[in-house]
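Examining the three-dimensional arrangement
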Amino acid sequence: MKKKAFLRGLIGFPLGIAIGHVISVLGSLLWANGTFEPCVPSLIASVGNEINAVILQTLLCGVIGASFAASSVVWELENLSILKQTGFYFLINAVFMLPTAYFLNWMEHSLTGFLVYLGIFTLNFAVLWLIQYFVWKHILKKMNAKLHSLSNNEEPS
């Protein structure tokens, strides 16, 4: 399990970097008035220059990607209920996401800013979880129907 988590983390690191870059491009399209802003201006100011900010954000986006990928092994722990799997997955990734968001100035540095960001993270997590839940429920329903038709010597549809 540890080896699987490590290998997934290695794959997740560059994926996190790629997703972070796409978010930077989309953010620039929405808010930067025709320029590319790879980082929030307050991060650039806090680390001294744009290249340091981009390097820091790139590395931490990789860490977030590795976190989500490595912690996905939680879904394979059959001795845990779906509620416990979800709780562990959420907590593991919140532990990585929230400090990263703080250090990269993605959130306001106040209790209100933290709570707003936590709320957005939780809402995004819940929406994506629900989408995946219903997609997998549909896939399993189709698989069960095929198995049922095969067990009754019927032609699969």
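The subject of this paragraph is the overall build of the protein chain. Looking only at helices and strands, the protein chain has 5 helices and 0 strands in total. Along its sequence from the N terminus, the protein chain presents helices and strands in the succession α-α-α-α-α. Computed over the C-alpha atoms, the radius of gyration of the protein chain is 20 Å, more than 25% above the 15 Å expected from 2.2 N^0.38 for a compact globule of 157 residues. In terms of overall dimensions, the protein chain has a C-alpha envelope of 70 × 35 × 30 Å along the principal axes. Considering the protein chain as a whole, with its 157 residues, one finds that 29% of them fall into the buried category. Expressed as a percentage of contacts within the protein chain between residues at least 6 apart in sequence, the contacts between residues at least 24 apart total 54%. Here the protein chain contributes 9 positively and 7 negatively charged side chains, and the mean placements of these two sets differ by 12 Å.

Take the packing of helix H3 (residues 50-70) against helix H4 (residues 82-103) next. It is at 9 Å that the axes of H3 and H4 come closest, and there the two elements cross at 175°. Viewed along their axes, H3 and H4 adopt a mutual orientation that is roughly antiparallel. Contacts from Leu 60, Val 63, Ile 64, Ser 67 and Phe 68 in H3 reach Tyr 89, Ile 92, Asn 93, Phe 96, Met 97 and Thr 100 in H4. Taken together, the residues of the contact of H3 with H4 break down into 8 nonpolar, 3 polar and no charged.

Let us look at the packing of aromatic side chains. For the structure shown, the criterion picks out 9 aromatic pairs. Relative to Phe 125, the ring of Tyr 89 lies with its centre 6.0 Å away and its plane at 40°, an arrangement referred to as tilted. Of this pair, Tyr 89 sits in helix H4 while Phe 125 is found in helix H5 (residues 111-151), placing the two residues 36 residues apart along the sequence. Among the residues examined, Phe 125 registers a relative accessible area of 15% and is labelled buried. Aromatic pair Tyr 133 and Phe 134: ring centres 5.2 Å apart, planes at 80°, arrangement edge-to-face.

Cut-offs applied
Residues numbered from 1 in each chain as written. Predicted model: local features only at pLDDT ≥ 70, side-chain atom pairs only at ≥ 80, totals over all residues. Heavy atoms only, no water. Helix = DSSP H or I, 4+ residues; strand = E, 2+ residues; numbered from the N terminus. Rg over C-alpha atoms; globule rule 2.2 N^0.38 Å. Buried < 20%, exposed > 50% of the residue type's maximum accessible area, 1.4 Å probe, protein only. Contact = heavy atoms within 4.5 Å. Lys, Arg positive; Asp, Glu negative; His and termini not counted. Charge placed at Lys NZ, Arg CZ, Asp CG, Glu CD. Axes fitted to C-alpha atoms, helices over the stretch in contact; angles between N-to-C directions. Parallel < 35°, antiparallel > 145°, perpendicular 65-115°, else oblique. Nonpolar A, V, L, I, M, F, W, Y, C, P; charged D, E, K, R; others polar. Phe/Tyr/Trp six-rings, centres within 6.5 Å; stacked < 30°, edge-to-face > 60°.

The values reported here are purely geometric and, on their own, carry no functional implication.
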